[in-house]
Amino acid sequence: MTTSFSEQPSMPVTAVAADYPNGHVIPAHSHDLAQLLYAIEGVLVIETAEGRWVVPPSRGVWLMAGIDHTVRMRGAARIRSILVQPDVLPGLPEKDCVIEVSPLLRELLLAATQVKGHYQPDSRDARLMRFILDELAALPVLPFNLPWPADARIARVCQMLVNEPAETKKAEDWAALLAMSVKTFHRQFLKETGVTFGRWRQQSRLLLSLECLALGQSVLEVALQHGYDSQSAFAAAFKKQFGISPSGFYR
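Residues numbered from 1 in each chain as written. Predicted model: local features only at pLDDT ≥ 70, side-chain atom pairs only at ≥ 80, totals over all residues. Heavy atoms only, no water.

Caption draft 1: Region of interest: helix α1 (residues 103–112). By the burial criterion, the buried members of α1 are Leu105, Leu108, Leu109 and Ala112. With its buried residues spanning 100° around the axis, α1 presents them on a single face. The elements touched by buried residues of α1 are β1 (13–20), β3 (34–47), β6 (69–84) and α2 (124–138). (Buried < 20%, exposed > 50% of the residue type's maximum accessible area, 1.4 Å probe, protein only. Helix = DSSP H or I, 4+ residues; strand = E, 2+ residues; numbered from the N terminus. Arc of directions from axis to C-beta. Contact = heavy atoms within 4.5 Å.)

Caption draft 2: Main features of the environment of Leu146. Note that Leu146 resides in strand β9 (residues 145–147). Classification of Leu146 by relative accessible area gives buried; the value is 1%. It is 24 Å that separates the C-alpha atoms of Leu146 and Ser232, two residues lying 86 residues apart in sequence. Those residues in contact with Leu146 that lie beyond four places of it in its chain are Glu50, Gly51, Arg52, Val162, Trp200, Gln203, Ser204 and Leu207.

Caption draft 3: Representation of the confidence of the model for the protein chain in the model. Taken as a whole, the protein chain shows an average pLDDT of 86; of its residues, 94% reach a score of 70 or greater. The least confident element of the protein chain, judged by mean pLDDT, is strand β8 (residues 141–142) at 72; the most confident is helix α4 (residues 171–177) at 95. (pLDDT = per-residue confidence, 0-100.)

Caption draft 4: Geometry of the state of the cysteines. Applying the stated criterion to the full structure yields 0 disulfides. Here Cys158 is not disulfide-linked; the sulfur of Cys212 is the nearest cysteine sulfur, at 19 Å. With a relative accessible area of 0%, Cys158 lands in the buried category. (Disulfide = S-S within 2.5 Å.)

Caption draft 5: Structural view of the side chain of Arg205. With respect to the helices and strands, Arg205 occurs in helix α6 (residues 197–214). A distance of 2.7 Å separates a polar atom in the side chain of Arg205 from the backbone oxygen of Pro165. Ignoring anything within four residues of it in the chain, the contact list for Arg205 reads Pro165, Ala166, Glu167, His226, Gly227 and Tyr228. (Polar contact = N/O pair within 3.5 Å; in protein donor to acceptor, adjacent residues only side chain to side chain.)

Caption draft 6: Geometry of the pattern of salt bridges. Enumeration according to the criterion identifies 9 salt bridges in this entry. Across the pair Glu41 and Arg78 runs a salt bridge, and its minimum N-O distance is 3.3 Å. You can see Glu41 sitting in strand β3 and its partner Arg78 sitting in strand β6, a full 37 residues away along the chain. Residue Glu41 is classed as partly exposed on the basis of its relative accessible area of 40%. Residue class for Arg78 comes out partly exposed when judged on its relative accessible area of 31%. In this structure, Asp151 and Arg153 form a salt bridge, with 3.1 Å as the shortest nitrogen-oxygen distance. Residue Asp151 is classed as buried on the basis of its relative accessible area of 15%. Judged by relative accessible area, Arg153 falls into the partly exposed class, the value being 39%. (Salt bridge = Lys/Arg side-chain N within 4 Å of Asp/Glu carboxyl O.)

This is the structure in structure tokens:
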């Protein structure tokens, strides 16, 4: 069953399915419901006013109700997700975040997309949906988000780094570009993003690399495109961030 994400279902939990080609963009929109966005194939790039998430298979993005967001597909994407009425179950995430999608949750989501129409509160379909929420509440939150600054000056630097991930300018260079001292630049960057400049740049490079890996580019090519001097240096940073090598990530 394929359901439009624009629909606002009346059931406590509703599963939706949609397939999109590489490069497709769902324009900025929001839902009255919380949403778990998950792709069994392809990479999703999700952007809100406060952050940017790059989500490969085996991960999902939890978005709170009323959050404006855009979704961009990297590689052909097959989305299998749920929409959840507010206050359905205590223990669900209380902020936008990336979660690990366990093999069990993946199979539950696939089964849920086969549920047609309304279901009775004590039915098999209702228990399936409740099981999904129980599993969702138990899964860990992962570091796949890129916090975005509200300050226009810092946001300008961040956008340049996203556009050119191999850019090697140091903090001193960016501070001079913004006509501020290096100390002020570091302080403002940390205030706006919650992380240091160096950490933010590394996280941006690694998250952007997921998009290129999803398109089948070689690990060496991706490493050089994202500011690393060698494949080994990139692989080490990638494994430290995500817990697995770049070559093994999409298997």
